[in-house]
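Chain and residue survey
Given next are the chains, with one letter for each unit.
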There are 2 protein chains.
Amino acid sequence: MDDGYRNRGAAAAYLLASKRCEILGLEHLLRMGQVVTAVSELVHAMQRERGISNLYVASGGERCRDRLPALVQITREAEGAFRDRLAQVDSDLAGVPGNSRLLSRIAYALHGLEELCTVRERVRELSLQPEAVIDGYSALVQSLLALVFEAADAAADPDVSRALVALFHLMQGKELAGQERAVGVGGFARGGFSNSLSERLRHLIDHQERCFQVFADFADQTQLGEWWNARGAEAPAELERLRRIAFSGAMKGAVDRALSDVWFRVTSERIDALRQIEDRVEHGLMALCRRRIAEARRDLESHRNHLDALTATPPDTGALAVFFDRGAAPGGEAVDTGCASPQLGRSLIDLVRSQSARLQTMSEELEQARAALADRKAIEKAKGLIMRHRRINEDQAYRFLREVAMAQSRKLADVARDTIAMSDIFRERG
Amino acid sequence: MDDGYRNRGAAAAYLLASKRCEILGLEHLLRMGQVVTAVSELVHAMQRERGISNLYVASGGERCRDRLPALVQITREAEGAFRDRLAQVDSDLAGVPGNSRLLSRIAYALHGLEELCTVRERVRELSLQPEAVIDGYSALVQSLLALVFEAADAAADPDVSRALVALFHLMQGKELAGQERAVGVGGFARGGFSNSLSERLRHLIDHQERCFQVFADFADQTQLGEWWNARGAEAPAELERLRRIAFSGAMKGAVDRALSDVWFRVTSERIDALRQIEDRVEHGLMALCRRRIAEARRDLESHRNHLDALTATPPDTGALAVFFDRGAAPGGEAVDTGCASPQLGRSLIDLVRSQSARLQTMSEELEQARAALADRKAIEKAKGLIMRHRRINEDQAYRFLREVAMAQSRKLADVARDTIAMSDIFRERG
């Protein structure tokens, strides 16, 4: 295990190995944090490219012709940076059991990026509908956000996991704001919002706010402070006014077409502001990883010193710590009993117990952070089932779920879980 | 990532890496299965040593003096085999983030094994009470079973995870049968069972049956067949008769002391029979791992061949699979659409999708298997809280939980979770 500590018995070696595993995990999280930062840079570039491509296609090639190449170039550079970051975690990921899902998500996202050239050609040729441009870019962005979701789901440190859950929901909310921008541009450019378009807008605003709510629930004090300072929680008054116009001017021709430029500017400002917050949250996440690594290294050092001191003294065989400890049942609580023998400082078994107790607490806190992701998984899955069963779209499926939840005064995620459990019945009837 | 496949694009390389990760995970499970087998051999030896040490101490050194050294020798050999198996997974475990808890459990168990020499000395000197012998060995066995629990909790293949959950509960049930043997020997040797002794016996029988129930719930058809053939589910009639005598002869002197030998023989036969089933379940577990590894390797090979075929043909950029797929949302369902282009066989994106869909299904099935472990964790933790708060013992705490669950017609695990959620209130009042 660790030859330097073999003389102290295998137990000490495994204790140190346990500590080193934690450090490895944290170092991996730090590198994944850098991948996540590259993802959010790439997503931001792609959101802009989507917006401008949409305007270009919607205007029949009249507008934004000159702006597109520069935006494509920025996305390409962000893609290059993302691939470089990925290459740096390659060996981390490939050699470790349990990363299969993340790796298959990466394969999916990379395949989407490889398709992007063809899509850009079609945009240039004006051979895609505006809706297809929005949907296509959105699917690609979603495949990138899936990487952040997996990273959050796999993080083993509760604080880092909470920070990643917060970040994922911030990114998801920002993406919905990006879709809102694109959908709204279409409506204003046409001079009015059809029922289905205003319904889609409503869904995007609603879903966006729920994402920001989860962000606020999982953000730490610093992140929350920045969020409130940057007025992240509330859309600016100008945006709210435009939203109101969109909803009230449901008839075609009812709204001023010139508002599409105003809408684009106002929503873009909001999205850029969200990107600023995202950037700060990412920096905070990495600083947190670095702090945790430093703490874990100090712990390891102090454990080593304790174990050195212990070898210098004869073992205290009188206590029989494991033998008369009934708190070590699987899943039971290991209790940190503190210093059993003040003369010796902490004995080996005290160190092992405090390590076990800490890991136990961590795993309980982790479960809480992951519950938010599990809720999301259940809702997404239930939506998919309802969409297929009732042959309705995503917004309608979500509304259906929400109505059932409201009627039964239950949590959306619980209704989603019941829906999944009943999916066999759905299938028979479908 | 995988230089041989770089020409096919990074997506293909990550797809293959995802597949290889699965294989790595399964190979690790196979080696952990060998550790688990060594644990169950060691536990079995320790259970015998506990029984005979208990008889030796309870008889004031008159009985079993000659048998002990041979049994100690068998335990020592089993311990050596266990340490050898551990050494074989060392490099697997130490280099992988996420193994900290398992490693700290190993440290704890090894420390207990290191204390065993001192305990054996005290048994020889007759300087330990019989109850202390039982409790001490039981704590050590529990620390070893905790390794099996962690292995079950960490397994990523749903079938292997189910098999490990079944095996853990079988081992736990057998250990409770071992404690029943030791406690019963004490009562019969004294000629009667005090209230607390017969309460403890009742708890051991009850808890044992619940463990076997979980085993039966998670065992596969083959394991269940063996379980029923070996009459694992039911205690032999002779054992039931002795249990009845124990409960009805609660007064000291009310039961025939000579029955202690009969009790020891009958319970030992039952424990040996359970060991036989355990052994078969372990063989089945390893065969399952080997089958899964072979399947995953065949899959990898077939993926490689498909990808080779794909590079030989120009890419089908017309389809834009990712770009127009809305099923790739994080936590959403990726749907295996089958052969999009029969000419090409399956395209890369079909392979990626089927891999994603498979991993998604696996992770859902895994959650089900782990739910049984989560229930156990919650019940153990709630018991600990109640024990500390009410200053009662484990059996009483369990009975308290069960009474609340019955009175409210709810699942024991749900009551346990509420208890944990309310533990702050407990603490204030305590």
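Small disclaimer: the values here were computed from a predicted structure and weren't measured. Numbers given to residues run from 1 along each chain, matching the order in which its sequence is written. As a convention, the first chain written is A and the first ligand written is 1, with the rest following in written order. Given that this is a predicted model, residues contribute local features only at a pLDDT of at least 70 and side-chain atom pairs are listed and counted only at 80 or more, while totals for whole chains, interfaces and linings are drawn from all residues. Side-chain figures throughout are based on the complete set of non-hydrogen atoms in the structure, without hydrogens or water.

**Section: the overall build of chain A**
From N to C terminus, chain A includes 13 helices and zero strands. Counting from the N terminus, the helices are the DSSP runs of H or I reaching at least four residues and the strands are the DSSP runs of E reaching at least two. Along chain A, from the amino end to the carboxyl end, the secondary structure elements read α-α-α-α-α-α-α-α-α-α-α-α-α. Type-normalised accessible area, obtained with a 1.4 Å probe on protein chains alone, sets the label of each residue: buried when under 20%, exposed when over 50%, and partly exposed for intermediate values. When the 430 residues of chain A are sorted by exposure, 57% land in the buried category. Within chain A, contacts between residues at least 6 apart in sequence are counted, and of these 78% link residues at least 24 apart. Where accessible areas are quoted, they stem from the Shrake-Rupley method and a 1.4 Å probe; at the residue level, only the protein chains shown are allowed to cover. Summing over all exposed atoms, chain A offers an accessible surface of approximately 18100 Å²; the carbon and sulfur share of this is 51%. Throughout, a residue-residue contact means that at least one pair of heavy atoms, one from each residue, lies within 4.5 Å.

**Re unusual backbone geometry**
All names here are of chain B. Unusually for a residue other than glycine, Leu 126 sits at a positive phi of about 55°. Structurally, Leu 126 is set in the loop between α3 (100–124) and α4 (130–154). According to the relative accessible area criterion, Leu 126 is partly exposed, its value standing at 35%. In the Ramachandran plot, Ser 409 falls in the positive-phi region, its phi being about 50° despite a non-glycine side chain. We classify Ser 409 as exposed; its relative accessible area is 69%.

**Describing the domain arrangement of chain A**
One frequent convention defines the size of an interface as the accessible area lost when the parts assemble. Residue and element names in this part refer to chain A. Looking at chain A, the domain boundaries give domain 1 (11–291) and domain 2 (359–430). An automatic or database domain assignment supplies the residue ranges for each domain. One C-alpha centre belongs to domain 1, the other to domain 2; they are set 23 Å apart. In this assembly, 25 residues from domain 1 lie in contact with 17 residues from domain 2. In total, domain 1 and domain 2 occlude about 1800 Å² of area from one another, counting both sides; carbon and sulfur atoms represent 57% of this. Accessible area, probed at 1.4 Å, shrinks when two parts are joined; the buried area is that loss added up over both.

**Structural notes on the pattern of salt bridges**
For this analysis, a salt bridge means a side-chain nitrogen from Lys or Arg found within 4 Å of a carboxyl oxygen belonging to Asp or Glu. Tallied over the entire structure, the rule returns 76 salt bridges over all chains. Asp 279 of chain B is paired through a salt bridge with Arg 275 of chain B; the nearest N and O atoms lie 3.8 Å apart. With Asp 279 of chain B and Arg 275 of chain B both in helix α9 (residues 259–311) and four residues apart, the pair spans about one turn of that helix. The shortest N-O distance in the salt bridge between Arg 417 of chain B and Asp 375 of chain B comes to 2.9 Å. On the criterion of sequence distance, the pair formed by Arg 417 of chain B in helix α12 (residues 412–421) and Asp 375 of chain B in helix α10 (residues 348–390) is long-range, its members being 42 residues apart. Given the relative accessible area of 34%, Arg 417 of chain B is considered partly exposed. One network of salt bridges, in which partners are shared, links Glu 41, Arg 275, Glu 278, Asp 279 and Glu 282 of chain A.

**Concerning the environment of Arg 124 of chain A**
Locating Arg 124 of chain A in the fold gives a position in helix α3 (residues 100–124). For Arg 124 of chain A, a relative accessible area of 53% gives the class exposed.

**Concerning α4 of chain B**
Over its 25 residues, α4 of chain B runs 37 Å from end to end, which matches the ideal 36 Å to within 8%, given 1.5 Å per residue. Counting buried residues in α4 of chain B gives 22 out of 25 residues, a clear majority hidden from the surface. Here a helix's expected span is defined as the number of its residues, less one, multiplied by 1.5 Å.

**So, the packing of aromatic side chains**
Residues and elements named next belong to chain A. Two aromatic rings from Phe, Tyr or Trp, using only the six-membered ring of Trp, form a pair when their centres are within 6.5 Å; if the ring planes differ by under 30 degrees the pair is stacked, by over 60 it is edge-to-face, and anything between is tilted. All told, the structure shown has 10 aromatic pairs over all chains when counted by the stated rule. Ring plane angle 50° and centroid distance 5.2 Å describe the contact between Phe 212 and Trp 227, whose orientation is recorded as tilted. Of this pair, Phe 212 sits in helix α6 (residues 195–218) while Trp 227 sits in helix α7 (residues 221–229); the two residues are 15 residues apart in sequence, bridging distant segments of the chain. Looking at Phe 212, the relative accessible area reads 5%, which means it is buried. Among the aromatic residues, ring-to-ring pairing joins Phe 188, Phe 193 and Trp 263 into one connected group. Placement of a positive charge over a ring is assigned whenever Lys NZ or Arg CZ falls within 6 Å of the ring centre and within 35 degrees of the normal to the ring plane. The ring of Phe 247 has Arg 202 sitting right over it, with the charged end atom 4.6 Å from the ring centre.

**Considerations on the side chain of Lys 19 of chain B**
Note that Lys 19 of chain B resides in helix α1 (residues 10–58). Beyond its immediate chain neighbours, meaning those up to four positions away, Lys 19 of chain B contacts Ala 296, Asp 299, Leu 300, His 303, Gln 355 and Arg 358 of chain B.

**As for the packing of α1 of chain B against helix α5 (residues 158–190) of chain B**
Residue and element names in this part refer to chain B. Axis lines are fitted to C-alpha atoms, over the contacting stretch for helices. Their N-to-C directions set the angle, which ranges from 0 to 180 degrees. The N-to-C vectors of α1 and α5 enclose an angle of 5°; their axes lie 9 Å apart at closest approach. The angle between α1 and α5 falls in the class roughly parallel. Residue-level inspection shows Leu 29, Val 36, Val 39, Ser 40, His 44, Gln 47, Arg 48, Arg 50, Asn 54 and Leu 55 of α1 in contact with α5, the latter providing Val 160, Leu 164, Leu 167, Met 171, Lys 174, Glu 175, Gly 178, Gln 179, Arg 181, Ala 182 and Val 185. Each residue is assigned to one of three groups, with Ala, Val, Leu, Ile, Met, Phe, Trp, Tyr, Cys and Pro labelled nonpolar, Asp, Glu, Lys and Arg labelled charged, and all others, Gly among them, labelled polar. Across the contact of α1 with α5, the residue classes break down as 10 nonpolar, six polar and five charged. An angle counts as roughly parallel when it lies under 35 degrees, as roughly antiparallel when it exceeds 145, as roughly perpendicular when it falls between 65 and 115, and as oblique in every other case.

**Some thoughts on the environment of Thr 361 of chain A**
Residues and elements named next belong to chain A. Note on placement: Thr 361 falls in helix α10 (residues 348–390). Given the relative accessible area of 39%, Thr 361 is considered partly exposed. Taking C-alpha positions, Thr 361 is 48 Å from Cys 117, a pair spaced 244 residues apart along the chain.

**What to know about α7 of chain A**
All names here are of chain A. Among all positions in α7, only Gln 223, Leu 224 and Trp 227 are buried. Buried residues of α7 fall within an arc of 100° about the axis and therefore sit on the same side. Residues of α7 that are exposed and point more than 90 degrees away from the buried face comprise Gln 221, Thr 222 and Asn 229. Here a polar contact is recorded for every N or O atom pair within 3.5 Å, except that within protein the pair must consist of a potential hydrogen donor and a potential acceptor, and residues adjacent in sequence are included only if both atoms are side-chain atoms. The N-terminus of α7 is capped by Asp 220, whose side-chain oxygen sits 3.2 Å from the backbone nitrogen of Thr 222. Taking the helix axis as origin, the arc is that swept by the directions to the C-beta atoms.

**Looking at the packing of α10 of chain A against helix α11 (residues 394–407) of chain A**
All names here are of chain A. Contact geometry of α10 with α11 gives a least axis separation of 9 Å together with a crossing angle of 110°. Taken together, the axes of α10 and α11 are roughly perpendicular relative to one another. In this structure, α10 crosses over α11, and the sense of that crossing is right-handed. Residues Ile 379, Ala 382, Lys 383, Ile 386, Met 387 and Arg 390 of α10 pack against Glu 394, Ala 397, Tyr 398, Phe 400 and Leu 401 of α11. For the contact of α10 with α11, the residue count by class is eight nonpolar, no polar and three charged. Each crossing gets its hand from how the near helix is turned against the far one by less than a right angle, where anticlockwise is left-handed and clockwise is right-handed.

**Structural notes on the nonpolar core**
In this structure, Phe 82 of chain A together with Phe 82 of chain B are the most contacted members of the largest nonpolar core, which totals 230 residues. Leave out the neighbours within four places in its chain, and Phe 82 of chain A touches Val 35, Ala 38, Val 39, Leu 42, Leu 110, Leu 113, Leu 144 and Leu 147 of chain A. Working definition of a nonpolar core: buried Ala, Val, Leu, Ile, Met, Phe, Trp, Tyr and Cys residues. They are joined through side-chain atoms within 4.5 Å.

**So, the confidence of the model for chain A**
All names here are of chain A. Each residue gets a pLDDT score, which is the predictor's confidence in that residue and runs from 0 to 100. Of the residues in chain A, 86% reach a pLDDT of 70 or more, and the chain-wide mean stands at 83. Counting contacts from residues 2–7, a segment whose pLDDT is below 50, to residues more than four positions away or on other chains yields nine contacts. Segment residues 326–345 is flagged for pLDDT under 50; beyond a separation of four residues in sequence, or across chains, it makes 45 contacts in the model. Taken over the whole predicted complex, pTM reads 0.83, whereas the ipTM for its chain interfaces reads 0.81.

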